[in-house]
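Examining the three-dimensional arrangement
Chain residues, written in single-letter form:
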Amino acid sequence: MIGYLNGIVKFVYEDNCIVDVHGVGYKVYVDSRTRESLSKGQELELFIHTAVREDSITLYGFKSQTDYDIFAQLITVSGIGARTALNVLAKMSSKDLAMAIYQKNVTALTNLPGIGKKSAQRLILELKDKISADSMVDDDTAEWTQSEEKGNPLEEASEALSALGYTTSEIAEVFRKAKKSMSTEELVKLALKELNRF
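What counts, and at which threshold
Residues numbered from 1 in each chain as written. Predicted model: local features only at pLDDT ≥ 70, side-chain atom pairs only at ≥ 80, totals over all residues. Heavy atoms only, no water. Pairing = 2+ DSSP bridges. Helix = DSSP H or I, 4+ residues; strand = E, 2+ residues; numbered from the N terminus. Phe/Tyr/Trp six-rings, centres within 6.5 Å; stacked < 30°, edge-to-face > 60°. Buried < 20%, exposed > 50% of the residue type's maximum accessible area, 1.4 Å probe, protein only. Lys NZ or Arg CZ within 6 Å of the ring centre and 35° of its normal. Core = buried A, V, L, I, M, F, W, Y, C linked by side-chain atoms within 4.5 Å. Contact = heavy atoms within 4.5 Å. Patch = residues over 30% accessible without salt bridge, like charges linked within 9 Å, V, L, I, M, F, W, Y side chains within 5 Å. Areas by Shrake-Rupley, 256 points an atom, 1.4 Å probe, with all protein chains shown as cover. Salt bridge = Lys/Arg side-chain N within 4 Å of Asp/Glu carboxyl O. Axes fitted to C-alpha atoms, helices over the stretch in contact; angles between N-to-C directions. Parallel < 35°, antiparallel > 145°, perpendicular 65-115°, else oblique. Nonpolar A, V, L, I, M, F, W, Y, C, P; charged D, E, K, R; others polar.

**Section: the pairing of strand S1 (residues 4-12)**
Examined bridge by bridge, S1 and strand S4 (residues 43-52) share five bridges and lie antiparallel to one another. Note on S4: the bridge partner recorded for Gly7 is Leu44. One ladder, built from four bridges, connects S1 with strand S2 (residues 16-21); its direction is antiparallel. Among the inter-strand pairings, Phe11 is bridged to a residue of S2, identified as Ile18. What sits between S1 and S2 in their antiparallel hairpin is a turn of three residues.

So this is what it looks like as structure tokens:
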């Protein structure tokens, strides 16, 4: 089972690239955002998900461990195939996607390619408890999120900010700067200050 490749980009195609690893060319499917960043002759490291079927072995590549982990979670959801998962990651970063699922933000999810309302609801239902806090925020915030016993300032602040019209991306970006000692009120104040909307 191939889990990682380090080689040279030999060719770049519409939805995949050929990575030369010591003279062996591996065909790796990547999302469009990753593909657009590639150029022939570039050195490339990819985390690889290997999909084995009766008639084929297909490689899917990711530049980060977080993207790989989110992809692996996405394809466990009924109705979400590998191509749909790649298209989703091309449109929304893994951190923002994790935040959207954590917030139960159906609207944000249905704006993604191949995701309708039912698919969005399945994503939330099946992945909300599997998405780790560090998929969304920095280590300090993740520790604080997991250690809270009474209420969850991160979730409460997310809901309040969503109600004020902030997007999932904006909220996620602010929370990456948060500290584990912050209360719900402090998180909201931080967001308002950072986003200059107060």
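Now that the structure has been shown, we can carry on.
**Thoughts on the packing of aromatic side chains**
Following the criterion strictly, the structure yields six aromatic pairs and no others. Aromatic pair Phe62 and Tyr68: ring centres 6.3 Å apart, planes at 75°, arrangement edge-to-face. You can call Phe62 buried: its relative accessible area is 1%. The exposure class of Tyr68 is partly exposed, given its relative accessible area of 22%. Put simply, the rings of Tyr29, Tyr60, Phe62, Tyr68 and Phe71 pair up and form one aromatic cluster. Over the face of the ring belonging to Tyr29 we find Arg83, whose NZ or CZ atom lies 4.4 Å from the ring centre.

**Considerations on the nonpolar core**
Counting 27 residues, the largest nonpolar core has Leu74, Leu97, Leu109 and Ile115 as the members making the most contacts within it. Elements represented by at least two residues in this core include exactly strand S5 (57-62), helix H2 (65-74), helix H3 (82-91), helix H4 (94-102), helix H5 (106-110) and helix H6 (117-127). Sequence-distant contacts of Leu74, that is, excluding residues within four places in its chain, are made with Ile80, Ala85, Val88, Leu89, Leu97, Leu123 and Leu127. If you look at the next biggest cluster of nonpolar residues, it comprises 16 residues, including Met99, Ala172, Met182 and Leu190.

**With respect to a nonpolar patch on the surface**
The grouping of Met1, Val52 and Ile57 at the surface amounts to a nonpolar patch, some 400 Å² of accessible area in total. Considering the arrangement of structural elements, one finds Met1 in the segment before S1. Residue Met1 is classed as exposed on the basis of its relative accessible area of 82%.

**Points about the pattern of salt bridges**
Taken as a whole and assessed by the stated rule, the structure comprises two salt bridges. Between Lys189 and Glu185 there is a salt bridge; the shortest N-O distance is 3.3 Å. Here Lys189 pairs with Glu185, and both are found in helix H10 (residues 184-195), just four residues apart, close to one helical turn. Residue class for Lys189 comes out exposed when judged on its relative accessible area of 52%. Here Glu185 falls in the exposed class, since its relative accessible area comes to 52%.

**A few points about the environment of Ser39**
Counting through the fold element by element, Ser39 comes out in the loop between helix H1 (32-36) and S4. A relative accessible area of 40% places Ser39 in the partly exposed class.

**What about the pairing of S2?**
Counting buried positions along S2 gives five out of six residues, so the element sits mostly inside the fold. In terms of strand pairing, S2 meets strand S3 (residues 24-29) through six bridges, oriented antiparallel. Residue pairing across strands places Cys17 opposite Val28, the latter belonging to S3. As consecutive antiparallel partners, S2 and S3 are separated by two residues, and within that stretch His22 has a phi angle of approximately 55°, a positive value.

**Description of the packing of H4 against helix H9 (residues 168-175)**
Interaxial distance between H4 and H9 falls to 9 Å at its minimum, and their mutual angle equals 105°. Considering the angle they form, H4 stands roughly perpendicular to H9. Across the interface between the two elements, Asp96, Met99 and Ala100 from H4 touch Thr168, Ser169, Ala172 and Phe175 from H9. Grouping the amino acids of the contact of H4 with H9 by side-chain chemistry returns four nonpolar, two polar and one charged.

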